[in-house]
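Each chain, written out:
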Amino acid sequence: MNTDPRGAPPDTDDAPDLVEVLLPLALSQPARALTTARSLLAGRSGRVVSVRDRSVAHQTIAIVERDRGRLTEARREIVVGLRLARQVGPERTADVLATYAVTLVYAGRTAASLRRLDEALPLTPHTDRPRLLLRRAHVLHVVGRYTEALEVIGQAIRGSRAAGDLMWEARGLNNRAVIHLALGSTDEAAQDAHRAATIFRGLGRDLELTHAVHNQAEAAYERGHLPEALELYALVADRYSALDVVEPDLTIDQATALLSAGLVDEARGVLDAALASADLTVVKRAELLLLLARTAVPGNDLATTRARADEAARLFAAQGRRTFVHRATLLSLQARERDPLLDRRGRRALARTCDRLLVDLEQEDSRDLPEALLLRARLARQLGRGEVAEASLAAVSERRLAGPPLTRAVGWLATALLADQRSDRRALRHACARGLDSVDEYRSLLGDIELRALASRHGLELADLAVADAVQSGDTRGLLGWSERWRATALVGAAATRPDDPELDRNIAALRDVTRRLSAFGEEQPVLARERTRLESAVRTRYRQVAAHHGVLQAGSPRRGVRALLEAVEAQPHGTALVSGVNVRGVLYAVVVAGGRVARHEIGPLASAVREAEFARFTLRRSAFGRPVDLQTTGLRLQRALLGDHVERWRAPRVVVVPPAELLTAPFGLMPAFGDTVVTAAPSASLWLRTLERSRQSWSSRQSDQMTGSADVALVCGPGLRAGEDEVRALEAVHPGARCLVGDEATVDAALALMDGARLAHVVAHGSFRVDAPLFSSLLLCDGPLTVHDFDRLERAPESVVLSACDLGSSGAVGAYEALGLVSSLLAVGSRSVMASVVPVNDYATVPVVSVAHTVVAQGGSLAEGLLAARQAATEPVVAATAASFTVWGV
């Protein structure tokens, strides 16, 4: 957060006490400063008002109005203040000229701003020169002349310190922190912001203290400490609100953090609201517009990206802000390079423009230089200019060993691309591994599972290079290892505990009540719907501020992971095959681990498999409503699209399917090849391995605690299900002595208490899968929904879980190779296996399916064995379709 440095007028013996505090008050309490200044000018102060007093009052009003974005009013006030100041003397005139200069630069008039500062210099006493230098540094920073600004502000800080002027020293430190951030010197920025905050706190400067904390938040973000940054941003927002200050820089910083985290829709909403403000300064409007252009990139909306970036560039050019012009131009060029319709002639022209831009960026030592070099490298490769591509990539590669984790990851990406250019497979694999390790280092700080999932996109290009290289070189084990290196990593990453926060607990309880009322009264309740959105936002915000308890363990060599997987598969009883589906640039491959060997089969386009999976789910939904369907033909089509024609080569009594995220909810039990096979699915082989280990530990614990039998079975029935109580009663017969919750007893707290540590938990309740927010997917109980976030309250997750209603096995794609929902969240918190349906099912047909499955479990079998028995026992079409709709995830 960069603030206009200004303070009290020079000390004089005849200065009224009230006037001496007005200018500092404009920073610390702007609303009070505005009221006091206007009262003074209106003659309501009960004192004789001098020309000097009126000049200071008009200057104060100008500062407050400018910082609120009301530039027209600010300029009007400062012109009056300057006219009066000239009647007072040179010192007063110099002070107002400096404030006028900052007002002009905010209006986009850079040259005029610097002229005002030049005019102020000879009028300023030597003792006050540091204050003027600080304002000049501020203006230079606004227009992006960072190196000049850093030199000038250093002089100002040293001068203030020598004069014993604590307030202006702190202002200098705070503004230097922002310049350090612009230059990428995050450690120096954090140190300056901390020192400034300490001084402001001692001086009681509330608003300036908030500015310093804002800069600490920005430094935390730039270092990759996203949870800390989000927590500080929230604190700063509360403080600004309490001080009645609207701060566009906070909007810019929050939107930048949201974009970095992959929360594009939220960032766009924040920016749209800010841009709608009539009081927004021209300077900030341009910066917000550039960020808004970036929100169109993830959706591949290239036309919108270019249009907004070009508009921002025009605004920056009018303001004389070359650094920002270059930043906007680079974004526009990046969008043009991704245009598939751009021909070779257009790409040559684009390369020439990029070369000119690089000259400017190199002169500025811009932090945007690596992105521009990568752009030139891509264009050079497209145009067959290998030497230019290698030189550009080599320059970016030099950054791989220094800086924050994501900066190093970009350096390693360039190193990998350079190795690919040179066909050096060993160097490529090393660079990809180191780059993914750097992204893991960043993700290791994130406690929120959604943020970890979204952060996977930072490693997408590295993982893509590695798996494509494995296919090209025929390295099947490498293909399996690299695909696992970046699949569903959010579920096996850093751990975090639910925050001990009474406000969070209140918000979750209120959200539960609002959602219950929406379910009762229908979704067409705008007031309740808005309140639900507000509460969900508050809960999300708090979870995102949670840091991980410990770092993500580095995955190490993909080959070591493959060896561990081979050993685990071989150790399984009765013969087990693991089939991993891998998406390699739109082509689906099946990598099969069986009999101590690893084999690869090319299946076909991933898009075709996704279509067949959707058709299979459509068929099962029709069957749930009693409509005639051809399950055999549908299952065969699905099998060919997902497994190809190679099933007979690796048939096994037990199969673990590890599909890509896009196919995680395919109904695998519908495929004829699995008609007599115990099938489980897993988001990743790594998670399957971890679940196996947990299963062994859980078994040892239960043996020592002698906790076996029906007393360790929890049965919960939510409201509104016609066959729900029948289902629970049928299961009570299978598990005599099972603990049950039915009707009004089935509250969220009671259900969690019953499920905590259970060997087997069965929940029959209406469910809601939220495509827009997978972690707010829920089970509806009598007092409201039990959401994914409620699972954090479990001390020990139930070993096995059955979710028998609706389509609670659904998941939403988040990030690059991640899919989140109720099932994946239960596996992440420690459940061994979860059985759920991937489509809404027939309530009455579900009873015989789950009854057979539970009978097998009661006899010592697994959920997957029970589901196979249910599929084999189904004779009626609707029951067969219902059985095929269920999948068991885990082991």
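So, how was this worked out
Residues numbered from 1 in each chain as written. Predicted model: local features only at pLDDT ≥ 70, side-chain atom pairs only at ≥ 80, totals over all residues. Heavy atoms only, no water. Helix = DSSP H or I, 4+ residues; strand = E, 2+ residues; numbered from the N terminus. Buried < 20%, exposed > 50% of the residue type's maximum accessible area, 1.4 Å probe, protein only. Contact = heavy atoms within 4.5 Å. Areas by Shrake-Rupley, 256 points an atom, 1.4 Å probe, with all protein chains shown as cover. Phe/Tyr/Trp six-rings, centres within 6.5 Å; stacked < 30°, edge-to-face > 60°. pLDDT = per-residue confidence, 0-100. Salt bridge = Lys/Arg side-chain N within 4 Å of Asp/Glu carboxyl O. Disulfide = S-S within 2.5 Å. Core = buried A, V, L, I, M, F, W, Y, C linked by side-chain atoms within 4.5 Å. Pairing = 2+ DSSP bridges. Axes fitted to C-alpha atoms, helices over the stretch in contact; angles between N-to-C directions. Parallel < 35°, antiparallel > 145°, perpendicular 65-115°, else oblique. Left-handed = near helix turned anticlockwise from the far one by under 90°. Polar contact = N/O pair within 3.5 Å; in protein donor to acceptor, adjacent residues only side chain to side chain. Nonpolar A, V, L, I, M, F, W, Y, C, P; charged D, E, K, R; others polar. Expected span 1.5 Å × (residues − 1).

Student: Lay out the overall build of the chain in plain terms, naming residues and giving numbers.
Tutor: From N to C terminus, the chain includes 37 helices and 16 strands. For the chain, with 891 residues in total, the buried portion stands at 58%. If you take every contact in the chain between residues at least 6 apart in sequence, the share linking residues at least 24 apart comes to 70%. Carbon and sulfur atoms provide 50% of the accessible area of the chain, an area that totals close to 35400 Å².

Student: Lay out the packing of aromatic side chains in plain terms, naming residues and giving numbers.
Tutor: Applying the stated criterion to the full structure yields two aromatic pairs. Plain terms: the ring middles of Phe 316 and Phe 324 are 5.0 Å apart, the flat faces sit at 35 degrees to each other, and that makes the pair tilted. The exposure class assigned to Phe 324 is buried, which follows from its relative accessible area of 10%. Relative to Phe 618, the ring of Phe 615 lies with its centre 6.4 Å away and its plane at 35 degrees, an arrangement referred to as tilted. With a gap of three residues between them, Phe 615 and Phe 618 both fall in helix α29 (residues 606-624), about one helical turn apart. Phe 615 gets classed as partly exposed once you look at its relative accessible area, which sits at 31%.

Student: Please set out the confidence of the model for the chain residue by residue, giving values where relevant.
Tutor: Reading fine detail from the predicted coordinates is not recommended where pLDDT is low. Mean pLDDT over the chain works out to 84, with 89% of the residues at or above the 70 mark. Of all secondary-structure elements in the chain, the lowest mean pLDDT belongs to strand β13 (residues 812-814), at 61, while helix α36 (residues 863-873) reaches the highest, 95. Segment residues 6-17: pLDDT under 50, and 35 contacts once partners within four positions in sequence are set aside and those in other chains are kept. Counting interchain partners and residues more than four positions distant, the pLDDT-below-50 stretch residues 550-554 has 13 contacts.

Student: Describe the pattern of salt bridges, listing the residues and the values that go with them.
Tutor: Across all of its chains, the model carries 33 salt bridges by this definition. Residue Asp 790 is joined to Arg 512 by a salt bridge in which the shortest nitrogen-to-oxygen separation is 2.9 Å. With Asp 790 in the loop between β11 (784-787) and β12 (800-803) and Arg 512 in helix α26 (residues 502-521), this pair connects stretches of sequence that are 278 residues apart. Comparing Asp 790 with Arg 512, the two get one shared label, buried. Accessibility expressed as a relative area gives 0% for Asp 790, which makes it buried. Via salt bridges that share partners, Arg 512, Asp 749, Asp 790 and Arg 793 belong to a single interconnected network.

Student: Any details on the state of the cysteines? Residues and values, ideally.
Tutor: Counted under the stated rule, the structure contains zero disulfides. Free of any disulfide, Cys 717 has its nearest neighbouring cysteine sulfur in Cys 740, separated by 9.8 Å. Relative accessible area serves as the criterion here: at 2%, Cys 717 is assigned to the buried category.

Student: Describe unusual backbone geometry, and please don't skip the residues or the numbers.
Tutor: Despite not being glycine, Ser 423 shows a phi value in the positive range, around 60 degrees. Its location among the elements puts Ser 423 in the loop between α21 (405-421) and α22 (425-443). With a phi angle near 55 degrees, Arg 585 is a residue other than glycine that sits in the positive phi range.

Student: Can you tell me about helix α37 (residues 877-885), naming the residues and giving the values?
Tutor: Residues of α37 that are buried: Val 879, Ala 881, Thr 882, Ala 883, Ala 884 and Ser 885. Residues of α37 that are buried make contact with α29, α30 (631-643), β15 (833-837), α35 (843-858), α36 and β16 (886-890).

Student: Describe in detail the nonpolar core, supporting the description with residues and values.
Tutor: In summary, soluble globular proteins display a tendency toward joint burial of nonpolar side chains. Residues Leu 226, Cys 432, Leu 479, Leu 565, Leu 578, Val 593 and Trp 688 are the most contacted members of the largest nonpolar core, which totals 104 residues. Element by element, the count of residues in this core is highest for α21, at nine residues. Among all residues touching Leu 565, those that are not within four sequence positions of it are Leu 480, Leu 578, Val 593, Ala 685, Trp 688 and Leu 689. Within the second largest apolar cluster, 98 residues are counted, among which are Ile 603, Leu 741, Val 850 and Ala 883.

Student: Give me the lowdown on the sheet that holds strand β10 (residues 778-781), citing residues and values where you can.
Tutor: The three strands are arranged β9-β10-β11 in an open sheet whose pairing can be described as antiparallel. Every interior strand has two partners, whereas the edge strands, β9 (767-768) and β11, have only one. The sheet contacts of helix α33 (residues 748-755) involve β10 and β11, and relative to β11 the element is tilted by about 35 degrees.

Student: Tell me about the pairing of β15, residues and numbers included.
Tutor: When you tally the buried positions in β15, you get five out of five residues, the bulk of the element. Across the two faces of β15 the burial is the same, with Ser 833, Met 835 and Ser 837 and Val 834 and Ala 836 all buried. The pairing of β12 with β15 spans four bridges and is parallel. By the bridge assignment, Val 801 is partnered in β15 with Val 834. When β15 meets β16, the two strands line up antiparallel, connected through five bridges. Bridged to Ser 833 within β16 is Gly 890.

Student: Explain the environment of Glu 648 to me, using residue names and the numbers behind them.
Tutor: As for its placement among the helices and strands, Glu 648 is situated in the loop between α30 and β4 (654-658). Along the primary structure Glu 648 and Ala 673 are separated by 25 residues, whereas in three dimensions their C-alpha atoms are 8.4 Å apart.

Student: How would you explain the environment of Leu 183 if you had to name every residue and give the values?
Tutor: Among the structural elements, Leu 183 can be located in the loop between α9 (166-182) and α10 (186-203). Its relative accessible area of 30% is what places Leu 183 among the partly exposed residues. Between the C-alpha atoms of Leu 183 and Ser 366, which are 183 residues apart in sequence, the distance is 7.3 Å.

Student: Please set out the packing of α10 against helix α11 (residues 206-222) residue by residue, giving values where relevant.
Tutor: Packing of α10 against α11 leaves a shortest axis separation of 8 Å and a crossing angle of 160 degrees. In this view, α10 runs roughly antiparallel relative to α11, as classed from their interaxial angle. The chirality of how α10 crosses α11 is left-handed. Here Thr 186, Ala 190, Ala 193, His 194, Ala 196, Ala 197, Phe 200 and Arg 201 of α10 lie close against α11, whose contacting residues are Glu 208, Leu 209, Ala 212, Asn 215, Gln 216, Ala 219 and Glu 222.

Student: Before we move on, could you go through the side chain of Ser 804 and cite the residues and values that matter?
Tutor: Relative to the helices and strands, Ser 804 resides in the loop between β12 and β13. Exposure remark for Ser 804: the relative accessible area of 2% places this residue in the buried category. At 2.5 Å, the side chain of Ser 804 and the side chain of Glu 727 are in polar contact. If we ignore the near neighbours within four places in the chain, the residues touching Ser 804 are Glu 727, His 762, Val 763, Val 764, Val 841, Thr 846, Val 850 and Phe 886.

Student: I'd like a rundown of the packing of helix α24 (residues 460-473) against helix α25 (residues 476-485), residues and numbers included.
Tutor: Interhelical geometry of α24 versus α25 gives an angle of 170 degrees and a closest axis separation of 8 Å. By the criterion of interaxial angle, the relationship of α24 to α25 is roughly antiparallel. Regarding α24 and α25, the two cross each other, and that crossing is left-handed. Contacts between α24 and α25 involve Ala 466, Val 467, Ala 470 and Val 471 from the first element and Gly 478, Leu 479, Trp 482 and Ser 483 from the second. Looking at side-chain class alone, the contact of α24 with α25 contains six nonpolar, two polar and no charged residues.

Student: Tell me what's going on with α10, and back it up with residues and numbers.
Tutor: Between the first and last C-alpha of α10 there are 26 Å, a value that for 18 residues agrees with the 26 Å anticipated at 1.5 Å per step. If you check which residues of α10 are buried, you get Thr 186, Ala 189, Asp 192, Ala 193, Ala 196, Ala 197, Ile 199 and Phe 200. Those residues of α10 that are buried lie in contact with α9 and α11. At the C-terminal side of α10, Gly 204 shows a positive phi close to 75 degrees.

Student: For the pairing of strand β1 (residues 576-584), give the residues involved together with the corresponding values.
Tutor: The element β1 is largely enclosed, with a buried count of nine among its nine residues. Of the two faces of β1, the one holding Thr 576, Leu 578, Ser 580, Val 582 and Val 584 and the one holding Ala 577, Val 579, Gly 581 and Asn 583 are both buried throughout. Here β1 runs beside strand β2 (residues 587-594); their pairing, made up of seven bridges, is antiparallel. Within β2, the position partnered with Val 579 by the bridge is Val 592.

Student: Any chance you could break down the side chain of Ser 260 for me, citing the residues and the numbers?
Tutor: Relative to the assigned elements, Ser 260 resides in helix α13 (residues 248-260). Discounting residues that sit within four places of it in the chain, Ser 260 has contacts with Tyr 221, Tyr 442, Arg 457 and His 458.

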